[in-house]
Amino acid sequence: MSDINRSLTEIVGEHYVSNQPEELYFYARDPGLMPPHKPDYVVVPKTVEEIQKIVRLANQNKIPIVPMGAGMALTGLVIPLRGGIVIDMKRMNKIIEVNEKARYVIVEGGTSHGLLKSYLDKNYPRLRHSIPDSPATATIAANVMIHGQGRLTQQYGFNSDMVAGLEVVLPSGDICKIGSCSLSPDWFSKGAPLPDLSGLFLGWFGATGIITKVALKLYPRKRMRDVEIFVTDRGNLVPDIIYELTHTEMVEDINIFTQPLPMIFKDNHHITIFMTGDTDEELEFKKKLIFGALDRFIKGKDGGFMSVGLAMKQTLLEMPQRSVSRFADVKKGGGFEYSGPILLVERYLGCTRKLVELASKYDLAYSAMARIIGRGHCMMFGFSFTFNRADPDMMDRVRKALQEVSDYALVVGGVFWKPTIEEQRMAIEKMDPNTWNLMKMIKKNLDPDGIMNPGNWEVA
Amino acid sequence: MKYEEIIHRCFRCGYCKLTGDYVDFNCPSYRKFRFETYAPGGRMWLIRAWLNDEIQNSERFQEILFSCATCANCVENCVFTFSDDLVNIFIAAREEMVNKGVIPSVVRDYLKNIYVHGNPYKEPANERGTWADGTSIETYDGQEYLFYIGCVGSYDERGQKIARAVGNLLMKAGVSFGILGSREGCDGNEVRALGEAGLFQLLAEQNIALFKELRAKEIITLDPHAFNALRQDYPGLGGEFEVYHYTQILAPLIQSQMMPLKEYRARITYHDPCYLGRHNGVYEVPRKILSSIPGVELVEMDQNRENAFCCGGGGGNFFTDILGGGEDSPNRIRVRQALDTGASVLAVSCPQCAKMLEDAIKVEEMEHRLEVMDIAEIVTRALS
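What counts as what
Residues numbered from 1 in each chain as written. Chains lettered and ligands numbered in written order. Predicted model: local features only at pLDDT ≥ 70, side-chain atom pairs only at ≥ 80, totals over all residues. Heavy atoms only, no water. Phe/Tyr/Trp six-rings, centres within 6.5 Å; stacked < 30°, edge-to-face > 60°. Buried < 20%, exposed > 50% of the residue type's maximum accessible area, 1.4 Å probe, protein only. Lys NZ or Arg CZ within 6 Å of the ring centre and 35° of its normal. Pairing = 2+ DSSP bridges. Helix = DSSP H or I, 4+ residues; strand = E, 2+ residues; numbered from the N terminus. Axes fitted to C-alpha atoms, helices over the stretch in contact; angles between N-to-C directions. Contact = heavy atoms within 4.5 Å. Buried area = accessible area lost by both parts, 1.4 Å probe. Salt bridge = Lys/Arg side-chain N within 4 Å of Asp/Glu carboxyl O. Polar contact = N/O pair within 3.5 Å; in protein donor to acceptor, adjacent residues only side chain to side chain. Nonpolar A, V, L, I, M, F, W, Y, C, P; charged D, E, K, R; others polar. Left-handed = near helix turned anticlockwise from the far one by under 90°. Parallel < 35°, antiparallel > 145°, perpendicular 65-115°, else oblique. Expected span 1.5 Å × (residues − 1). Domains from an automatic or database assignment.

J.: Can you break down the packing of aromatic side chains residue by residue, with the values?
T.: Throughout the structure, instances matching the rule amount to 30 aromatic pairs over all chains. Note on Tyr15(B) and Tyr22(B): the rings are 6.2 Å apart at their centroids and 45 degrees apart in plane angle, and the pair reads as tilted. Given a relative accessible area of 1%, Tyr15(B) falls into the buried group. Taken together, a centroid distance of 5.6 Å and an interplanar angle of 5 degrees make the contact between Phe80(B) and Phe82(B) stacked. Accessibility assignment for this pair places Phe80(B) and Phe82(B) in one class, buried. For the cation-ring pair, Arg151(A) lies above Phe274(A), with the distance from its terminal atom to the ring centre recorded as 4.3 Å. Lys418(A) extends its terminal NZ or CZ atom over the ring of Trp417(A), reaching a point 4.4 Å from the ring centre.

Right under this line is the structure:
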């Protein structure tokens, strides 16, 4: 047994360290299309102290560390590009505290969205969090780390905007608290009125530290939810429709999907409008305002509300929507990948045209799903292609299509969301040099030996 | 390998290892080992890697494959259209390993014992019916029902007690039934789950031939594992019988007051056996029996019915113990869940679950707070 293996065993116990071919194979890859790279070890720690010891060990020996949640980003962010130690965080999944009146929860760094949802459903039925449509195993820490979005994003912004505090193990192995919790027992703010240091970690993909605790803001959970779909074949009107909808301030979430199948969906833009209410009256009132806001589009014969059947309603109201994962098997092949740049809503039509063009060029099945962020401040536009994992040619075509999406996104003013290594390189190249210099200064000061998820946010 | 055309379709989204309501991870082997490789998605990806020669059949790979408890939580929660085949895929991979003769020694020993002795305990066949000694239970000879016991109820001390409890209740209720005694053979459910398809077929064909020879048409099973084999697998081999779990016979007798029950004051939580629940959809019948007992307060664990957490004994692990040991072994997790309900009795309807959970209670030192009782034992107490 090597010294590193022995040390890791001493830290987490023999059952929770592996350098066996099976774990090295599995943790070398994610479900997306990035090439695999094996770690040297996989560990599954239980405590913050164990993580501190692992980080210190890695520091002493200059071994890379890659923290991992459920590994569902699909863009290779947890693939250990330079080997080292993958830290699977999911054994640290305790819900530590809920402050009902202040509406926040503190969870350990491996807690999943599904677990928190279930816990709130049972114990705090008047509270909710912004659950993303990634699988329920996706961890909260990883989701805020990648600036994920969720069901409350139209109202409150990126899920990372809803962070109310962090505990981070720095590359030195020291614990650092971020936000009000740094000087108060209460975790109500990640920054204000202090300097907001959460930006040193959120969006860095573990390259500056490992999130071991997250405080997340919770929001009122209404007793009822409903969904309506406004359909238009006039893609150029979508930004106007979104503008009107967000102006009502009556909407929980807005997603837009367009897909070629079934045939009646083709060339249509389905603006999916989620609403909540505590009473029938409240829900009806909101619907009335929403319908009223879109009246001119209906009268102009530019679109209308489609009838949403019970089964479809159930599918859409599910949190998270399991149907999102099912897209992976459209080609009976278990795979999909998407590029989801963040960009202005006014770029919507261009994005859909580009997606259709690329799908045709590379002969791929596609789906577009856009999520409105804030009151129309921007959107995530998902250029999604499904692929058959047993068809290398199809996988290659998806890779090529996504490369073109990356180029396109930058041209139309977009910013990559959870970028691949190549997209990070492109972003760095286009970024204001002083911004990149500042990022480099942060990285160099926090992680001078470059052991934290190396390859990410650095120039090769 | 069978199902090879499906293997690559796993997206490893991980729904398979959760409960349907996401309350917790619900895959027994994942709960114990905590590496993704021990979850259904991990198995799918590793089986594919193995078939593609990207990994070899190692001791670790064998542990990963044979620690699956075949509890079917993944079948219940996988979001894809091939979900029904997940457990079958893992069993098919085991079959490949068995056929190549590269399997864990504990699995090999189990299969050999069944082949040589007809039971995993290496006990003589003529002692198979000794559990009924001292009772008035008759040998099957054309009665209405054949009462099929299985290996655990026949030979294991704890299982024998449960077999006697059920047998005595059936007698008390005036049910016309008989047992096979030394003529009974292993049902083969675990043999199939451990990947010895040929031996399973042999056992099943022998049992079917015997049942037919005796003109048995309706069979009551003690053990949900046998219930599963007889109900799900035997018809495909020509064994069409009416198969019941014993709770399905007792429930109507109790509800029609043919077995009037006295008060038994207890707070009880019920553990769904995977082969009665998820594999065969029997969730409410055992609960109806418990709810019919005056004085019983039935409380549920968070993980119940379709979301029940396996005791860790399924898929042959009762015998191989690959999932055993440590505070995260499934049976220890399950008794802690039971204790959390405030119940003083953990009710079961499976001799394998009974033994698994009783062992866990001892290790967790809960003997004075929680008692494992089979439903038949609870009903017996309420009758006395």
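J.: Summarise the sheet that holds strand 9 (residues 175-178) of chain A; cite the residues concerned and give the values.
T.: All names here are of chain A. Taking strand neighbours across the sheet as the criterion, the five strands line up as 5-6-10-8-9 in an open arrangement whose pairing is antiparallel. Single-partner strands in this sheet number two, and they are strand 5 (95-99) and strand 9. Within the sheet, the average angular offset between the axes of one strand and its neighbour, ignoring direction, is 10 degrees. Relative to strand 10 (residues 210-217), strand 6 (residues 104-108) runs antiparallel, the two sharing five bridges. Bridge pairing in strand 10 places Val107 opposite Val214.

J.: If you had to explain the interface of chain A and chain B to someone new, which residues and values would you point to?
T.: Tallying the contact residues gives 46 residues for chain A and 43 residues for chain B. Carbon and sulfur atoms make up 59% of the surface buried where chain A meets chain B, a total of about 3,700 Å² over both sides. Joining chain A to chain B, the criterion identifies four salt bridges. A salt bridge links Lys122(A) to Asp302(B); the nearest nitrogen and oxygen atoms lie 2.7 Å apart. Connecting chain A to chain B are 19 residue pairs in polar contact (both at pLDDT 80 or more). Among the elements of the structure, strand 1 (17-18), helix 2 (21-26), helix 4 (113-123), helix 11 (322-326) and strand 16 (334-339) of chain A are those that each provide at least two residues to the side of chain A that touches chain B. Ranked by the residues each element gives to the side of chain A that touches chain B, the list is headed by helix 2 of chain A, at five residues. When grouped by side-chain class, the residues that make up the side of chain A that touches chain B number 19 nonpolar, 14 polar and 13 charged.

J.: Give a description of the packing of helix 12 (residues 246-255) of chain B against helix 13 (residues 284-291) of chain B that names residues and reports values.
T.: Residue and element names in this part refer to chain B. In contact at an axis separation of 9 Å, helix 12 and helix 13 are set at 35 degrees when each is read in the N-to-C sense. The way helix 12 lies across helix 13 gives a crossing that is left-handed. Contacts from Thr247, Gln248, Leu250, Ala251, Ile254 and Gln255 of helix 12 reach helix 13 at Val285, Pro286, Lys288 and Ile289. Partitioned by chemical class, the residues of the contact of helix 12 with helix 13 number six nonpolar, three polar and one charged.

J.: Now, about the packing of helix 2 (residues 40-51) of chain B against helix 5 (residues 86-100) of chain B: what can you tell me, with residues and values included?
T.: Residue and element names in this part refer to chain B. Orientation of helix 2 relative to helix 5, taken along the N-to-C sense of each, is 40 degrees, at an axis distance of 11 Å. The angle between helix 2 and helix 5 falls in the class oblique. As helix 2 packs across helix 5, the resulting crossing turns out to be left-handed. Contact with helix 2, carried on its side by Pro40, Arg43, Met44, Ile47 and Trp50, involves Leu86, Ile89, Phe90, Ala93, Glu96 and Met97 of helix 5 and no other residues of that element. Per-class residue counts for the contact of helix 2 with helix 5 are nine nonpolar, no polar and two charged.

J.: Can you break down helix 16 (residues 351-363) of chain B residue by residue, with the values?
T.: Residue and element names in this part refer to chain B. Compared with the 18 Å implied by 1.5 Å per residue over 13 residues, the 19 Å span of helix 16 between its first and last C-alpha is a close match. Among the residues making up helix 16, those that are buried are Pro351, Gln352, Cys353, Ala354, Met356, Leu357, Ala360 and Ile361. Positive phi appears at Glu365, one or two residues downstream of helix 16, with a value of about 55 degrees.

J.: Could you give me a rundown of the side chain of Glu252(A), with the residues and numbers involved?
T.: All names here are of chain A. Here Glu252 shows up in the loop between helix 7 (238-248) and strand 13 (253-258). Under the relative-accessibility criterion, Glu252 is labelled buried at 1%. Polar contacts involving the side chain of Glu252 include one to the side chain of Arg225, which spans 2.9 Å. With residues near it in sequence (within four places) discarded, Glu252 still touches Arg128, Arg151, Leu152, Gln154, Gln155, Arg225, Phe274, Met275 and Thr276.

J.: Tell me about the domain arrangement of chain B, and please be specific about residues and values.
T.: Residue and element names in this part refer to chain B. Here chain B is described as being made up of domain 1 (7-103), domain 2 (107-250) and domain 3 (257-383). On the domain 3 side, the residues contacting the 24 residues of domain 1 number 24 residues. Between domain 1 and domain 3, a total of about 1,700 Å² is buried, with carbon and sulfur atoms accounting for 54% of that surface. Among the residues of domain 1 in contact with domain 3, Asn26, Arg31 and Lys32 are the three that bury the most area, contributing 29% of the side total. Our enumeration of links across domain 1 and domain 3 arrives at zero salt bridges. Where domain 1 touches domain 3, the interface holds 14 residue pairs in polar contact (both at pLDDT 80 or more). Residue assignment for the side of domain 1 that touches domain 3 shows that the elements contributing at least two residues are helix 1 (28-33), helix 3 (59-66) and helix 4 (73-77). Sorting elements by how many residues they give to the side of domain 1 that touches domain 3 places helix 1 first, with five residues. Partitioned by chemical class, the residues of the side of domain 1 that touches domain 3 number ten nonpolar, seven polar and seven charged.

J.: Explain the pattern of salt bridges residue by residue, including any values.
T.: Overall, the coordinates contain 61 salt bridges over all chains when judged by the stated rule. Measuring nitrogen to oxygen at the nearest pair gives 3.0 Å for the salt bridge that ties Asp196(A) to Lys190(A). When its relative accessible area of 17% is taken as the criterion, Lys190(A) is described as buried. In this structure, the salt-bridge partner of Glu371(B) is Arg381(B), at a minimum N-O distance of 3.5 Å. Of this pair, Glu371(B) sits in strand 8 (residues 371-374) while Arg381(B) sits in helix 17 (residues 375-383), placing them ten residues apart in sequence. The class of Arg381(B) is partly exposed, set by a relative accessible area of 37%. Here the residues in one salt-bridge network are Asp272(B), Glu284(B), Arg287(B), Glu300(B) and Arg305(B), joined through shared partners.

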